[in-house]
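# A look at the structure
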Amino acid sequence: MAKRIMKSVKQSLPGPDDIYRVALSNGITVLARSSFDSPSISMGGYLPAGAIFESDAKLGLADFVSSSLMRGTQTRTFDAIYNELESVGASMGFDSGVHNTSFGGRTLVEDLPLLLNLLSESLQTPTFPANEVEKLRAQLLTGLAIRAQDTSDVAAMAFDRMLFNDHPYGRPSDGFVETIQSITQKDMQEFHRAHFGPKGMIIAIVGAIEPEKAVEEVERVLGGWQVPGQVSALALPAHKPVKKTIKHHHALAGKSQSDLVIGMIGPRRKDPEYLSASLGNSVLGQFGMMGRIGDVVREKSGLAYYASSSLNAGTGPGTWEVSAGVNPKNLKKAIGLIENELRRFIKGGVTKVELADSQANYIGRLPLSLESNSGVASAIMNIERYDLGLDYYQRYEGLVKNVTRAEVLETARKYINPDRLVISTAGP
Amino acid sequence: MANKITQITLKNGMKVMLKEIHTAPIISSWVWYRVGSKDEPTGKTGISHWTEHMQFKGTKKFPANILDKAISREGGRWNASTSHDSTRYFETMPADKIDLALRLESDRMKNSNYNAKEVDSERTVIISEREGHENEPMFRLTEAVQNTAFHVHPYHHEIIGDMADLHTISRDDLFEHYRTYYVPNNAVLCMAGDFETKSMVKRIKQLFESIPKGATPPRLARPEPEQKGEVRLSVEGPGETTFIQIAYRFPNATHPDYFSLQVLDSLLGGASGLSYKTSRLYRALVDKEYAVDVSGWSEATIDPFLYRIMITNHPKRKPEEALAALDSEILNIQNVLVSNDEIKRAVKQARAVFAYGSENITNQAFWMGYVEMFSSYEWFTTYLDKLAKVTPQDVQRVAQKYLQPKSRVIGTYIPMGVEA
């Protein structure tokens, strides 16, 4: 039974034979891969115009700019842009983080030219119309008021602030009420002029189109984009290490549940120990019903509906964090259980069976993560962003299997020090 | 997307729906039980959802810690959820590993442990889940509106259940619920993915056909009487943001007006799964700065349920101003015929959303079971055609019939500020 009729697992993975990669002369890298299983296309990408360029006084500027790109261009109003998109069931959006402004969209294949035209206009000729900027400002401020009441958002924000201190990773990229209020239309125009350009931009197109045709379409709308003064990506400053455990509780009255985040710095995505940290994290707080953390906090103690750990690795130093939502009276107990698990983890590492389980999970689930066009698009963008090599997913099984227990333990000890934790909680 | 499927019923009454898709080496398998929060009497609210949790506590053959590890080890993704009308369990696995999921589901259809200690531990987990929901103003508002909209029908309570019942439901209550509803003649198995139907049917029969048929489980039927007048309520809580929820009564998913209402919903609040910045309500409320967000939401249900409009009020406006703008837009769609082009647009949007959904095998298996709970697979395969047949007159008629102030509930979340 379960006879595989079409493709083996290996054949279904993206690789050098079917990822089409072209560098345009203006600096844009286009990645494309075909899949004709559905008449749809997923598009994604990014360019180096992130919050790293913002001053503390204008925190949230990159985010405000990215949210404004589709609020009006030299040729179309906000309503006209969305009318074109929504009339054909397509969608597109922009977002920003510390390093990049990213974008994504999807469409039926017949409407790809429309989607790319709108992408190109939004990137190249946004006008930041004053009335739309003010409407958006009210929306962003309401978002911040809602964030201020969300126990998990508040705990996570304080965690980043304590862990990274003055580093750009310690600041919320959606800003604060005062900074969003202070951002002017002129700030937005200047930010756009300085940082939006083809240099360093990546775009991936995945779906029911021949890759050469996809590249042609991108070239048509973005190939002529030139921004001579585009500011280059900034290097990250160093961050100060945490010397001893720091605790902070943010009181939020009228809430039924408290959220907690406990953690430390984790590896960068490009660090050689990334995969051993990731597999270690799987044992610690992911595998099965959220690993060892889920087992002690949820299954054995019944303290939380959710309890897990996560490794967030990107361009710069990452975070390795445990989070849970618990009844306020159980907060201390949950923190104690999590600290114990961290101590146990760096004392004895993972067992042979635990490591083998997580390795099997990583290898087995890969095709599932590549099921949809958007899954493939983000996979091939990861290859590009972190120089993983076009054959990365075909080498992946070997890379995962090669990680040893000793490496997991060594990596865990490198990053986890139970006496130097950041413990952030929010709730009543 | 191709819609050819195989449907059979086993000797014990279990329905099986199979759809071969050979685009990726993946299979998704779902077991649906015809029981949800609509089957729960007062005192037992939340029991369907809690039973769903208990189904992860293992059987003799697959003890809890073996169960989840076995699936994860094979790279599978699995989960479960409970709705008003049904409870469903799924595993999406590499195709050559799907047998594990089938063995697990056949075993836990009849052999789950309902250990008292595990019940107590899960009680606090579920209470914690509810407390997490209670942190959210929208949950509190939605619950209050639903409680008010239904006095008789069990759609009255939230799926997670009332806190009082979460403290008192016992191990025996849960076990009885399990024994009553988890019988093959109350279950539907749906699979989509990279398999060959003939051999899969054979294997399913081996694993499931010997499970004895049970008594046909009762379904709680307490029709809600007609609402005779608008009801308004308020919920107070921390924060600075006012939320408004307006709930109108919508018929069940097999009602002749259903598809006209889907078009109406799409024109008012935008197409499901897409952005909605050119929907009528967005233009009337957000563009005009009465609100910072507005969206519409309906569900395909067995019994008549609600069409809900959610407004996040503009900080500089009073809730009454947003409501007046909403009423004016509703009057407009009741009085002025929409154009054929607007309907065509809604159909095109739905066609796109269907295409995106067909990229994903888990989603395709989901839909087979989902529609089977209230209708048949034909409901799904003819969805776009039925949408295309809706006329401007149909939209006007259902707008006039269902969007009546006298049959709505309006709830407002009143923010009491931030305590220092």
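None of the values given here were measured: they were computed from a predicted structure.

The helix and strand tally for chain B stands at 16 helices and 11 strands. Taken over C-alpha atoms, the radius of gyration comes to 23 Å for chain B, in line with the 22 Å a tight globule of 420 residues would show. Along the longest, intermediate and shortest principal axes, the C-alpha atoms of chain B span 60 × 50 × 40 Å. In chain B, buried positions account for 51% of the 420 residues. Counted over contacts in chain B with a minimum sequence separation of 6, partners at least 24 positions apart contribute 82%.

So, about the domain arrangement of chain A. Residues and elements named next belong to chain A. Its domain assignment divides chain A into domain 1 (18–222) and domain 2 (246–427). Placing the centre of domain 1 and that of domain 2 at their C-alpha centroids yields a distance of 28 Å. On the side of domain 2, 31 residues touch domain 1, which itself brings 27 residues to the contact. Those elements that place two or more of their residues in the side of domain 1 that touches domain 2 are β2 (29–34), β3 (40–47), α6 (151–164) and β6 (202–207). A breakdown of the residues in the side of domain 1 that touches domain 2 according to their chemical character gives 14 nonpolar, 10 polar and 3 charged.

Looking now at unusual backbone geometry. A positive phi is found at Asp387(A), a non-glycine position, where the angle reads about 50 degrees. Within the secondary structure layout, Asp387(A) lies in the loop between α14 (373–385) and α15 (392–402). Although it is not a glycine, Glu289(B) adopts a positive phi angle of roughly 65 degrees. Along the chain, Glu289(B) falls in the loop between α10 (280–286) and β9 (291–298).

A few words on the packing of helix α9 (residues 258–269) of chain B against helix α12 (residues 340–357) of chain B. All names here are of chain B. Orientation of α9 relative to α12, taken along the N-to-C sense of each, is 95 degrees, at an axis distance of 10 Å. Classified by the angle their axes make, α9 and α12 are roughly perpendicular. Taking contact as the criterion, the partners of Val263, Ser266 and Leu267 in α9 are, on α12, Glu342, Ile343, Ala346 and Gln349. Class assignment of the residues belonging to the contact of α9 with α12 gives a composition of 4 nonpolar, 2 polar and 1 charged.

Right, let's get into helix α4 (residues 116–134) of chain B. Relative to the 27 Å expected for 19 residues at 1.5 Å per residue, α4(B) spans 27 Å between its end C-alpha atoms, a close match to the ideal helical length. All of the buried residues along α4(B) are Glu118(B), Val119(B), Glu122(B), Arg123(B), Val125(B), Ile127(B), Ser128(B), Glu129(B), Arg130(B), Glu131(B) and Gly132(B). In this structure, the buried side of α4(B) is in contact with α11 (287–300), β9 (304–312) and β10 (318–326) of chain A together with α1 (47–54), α6 (163–168) and α7 (171–181) of chain B.

All names here are of chain A. One finds Ile203, Ala204, Ile205, Leu260, Ala334 and Ile380 to be the most contacted residues of the largest nonpolar core, which totals 119 residues. If you tally residues by element for this core, the top one is α6, at 8 residues. Setting aside residues no more than four positions away along its own chain, Ala334 makes contact with Leu260, Val297, Leu303, Ala304, Ala324 and Val326.

A few words on the confidence of the model for chain B. Mean pLDDT over chain B stands at 95; residues scoring 70 or higher make up 99%. What the predictor reports for the complex is a pTM of 0.94 with an ipTM of 0.91.

Bringing the domain arrangement of chain B into the picture now. All names here are of chain B. In terms of domains, chain B is made up of domain 1 (6–208) and domain 2 (231–415). One C-alpha centre belongs to domain 1, the other to domain 2, and the line joining them spans 28 Å. At the junction of the two partners, domain 1 supplies 34 residues and domain 2 supplies 27 residues. Secondary structure elements with two or more residues in the side of domain 1 that touches domain 2: β2 (15–20), β3 (26–33), β5 (87–94), α5 (137–149) and β6 (187–193). Here the side of domain 1 that touches domain 2 takes 9 residues from α5, the largest share from any one element. Class assignment of the residues belonging to the side of domain 1 that touches domain 2 gives a composition of 18 nonpolar, 9 polar and 7 charged.

Where α11(A) contacts helix α2 (residues 64–73) of chain B, the axes come no closer than 8 Å and their chain directions differ by 120 degrees. Note on element contacts: α2(B) touches α11(A) through Asp68(B), Lys69(B) and Ser72(B), opposite Phe287(A), Gly288(A) and Met289(A). A per-class count over the contact of α11(A) with α2(B) returns 2 nonpolar, 2 polar and 2 charged.

Bringing the sheet that holds strand β8 (residues 258–266) of chain A into the picture now. Residues and elements named next belong to chain A. Pairing is mixed in the open sheet, where 5 strands are placed in the order β7-β11-β8-β10-β9. Only two strands of the sheet have a single partner each, and these edge strands are β7 (246–251) and β9. Averaged over all neighbouring strand pairs, the angle between strand axes comes to 15 degrees, with direction disregarded.

This paragraph deals with the interface of chain B and chain A. With 66 residues of chain B in contact, the opposing surface of chain A contributes 61 residues. At the level of elements, β3, α2, β5, α3 (98–108), α4, α8 (197–208) and α12 of chain B are the ones that each hand at least two residues to the side of chain B that touches chain A. Counting residues per element, the side of chain B that touches chain A draws most heavily on α4(B), at 9 residues. Residues that form the side of chain B that touches chain A fall into these classes: 21 nonpolar, 22 polar and 23 charged.

Turning next to helix α16 (residues 405–415) of chain A. Residue and element names in this part refer to chain A. Turning to α16, its buried residues number three or more, namely Val408, Thr411, Ala412 and Tyr415. Taken around the axis of α16, the buried residues stretch over an arc of 100 degrees, which confines them to a single face. Those residues of α16 hidden inside the fold are in contact with β8, α10 (274–285), β10, α12 (331–348) and α13 (352–369).

A few words now on the sheet that holds strand β8 (residues 243–250) of chain B. All names here are of chain B. Across the sheet, which stays open at both edges, the 5 strands sit in the order β7-β11-β8-β10-β9 with mixed pairing between neighbours. Each of the sheet's edge strands pairs with one partner strand only, and the pair in question is β7 (231–237) and β9. Sheet twist, expressed as the mean angle between neighbouring strand axes with direction ignored, is 15 degrees. Looking at chain direction, β8 and strand β11 (residues 409–415) are connected through 5 bridges and run antiparallel. Within β11, the position partnered with Ala247 by the bridge is Val409.

Parameters at a glance
- Residues numbered from 1 in each chain as written.
- Chains lettered and ligands numbered in written order.
- Predicted model: local features only at pLDDT ≥ 70, side-chain atom pairs only at ≥ 80, totals over all residues.
- Helix = DSSP H or I, 4+ residues; strand = E, 2+ residues; numbered from the N terminus.
- Rg over C-alpha atoms; globule rule 2.2 N^0.38 Å.
- Buried ≥ 20, exposed ≤ 12 C-beta atoms within 10 Å, placed from the backbone.
- Contact = placed C-beta atoms within 7 Å.
- Domains from an automatic or database assignment.
- Nonpolar A, V, L, I, M, F, W, Y, C, P; charged D, E, K, R; others polar.
- Axes fitted to C-alpha atoms, helices over the stretch in contact; angles between N-to-C directions.
- Parallel < 35°, antiparallel > 145°, perpendicular 65-115°, else oblique.
- Expected span 1.5 Å × (residues − 1).
- Core = buried A, V, L, I, M, F, W, Y, C linked by C-beta atoms within 7 Å.
- pLDDT = per-residue confidence, 0-100.
- Pairing = 2+ DSSP bridges.
- Arc of directions from axis to C-beta.

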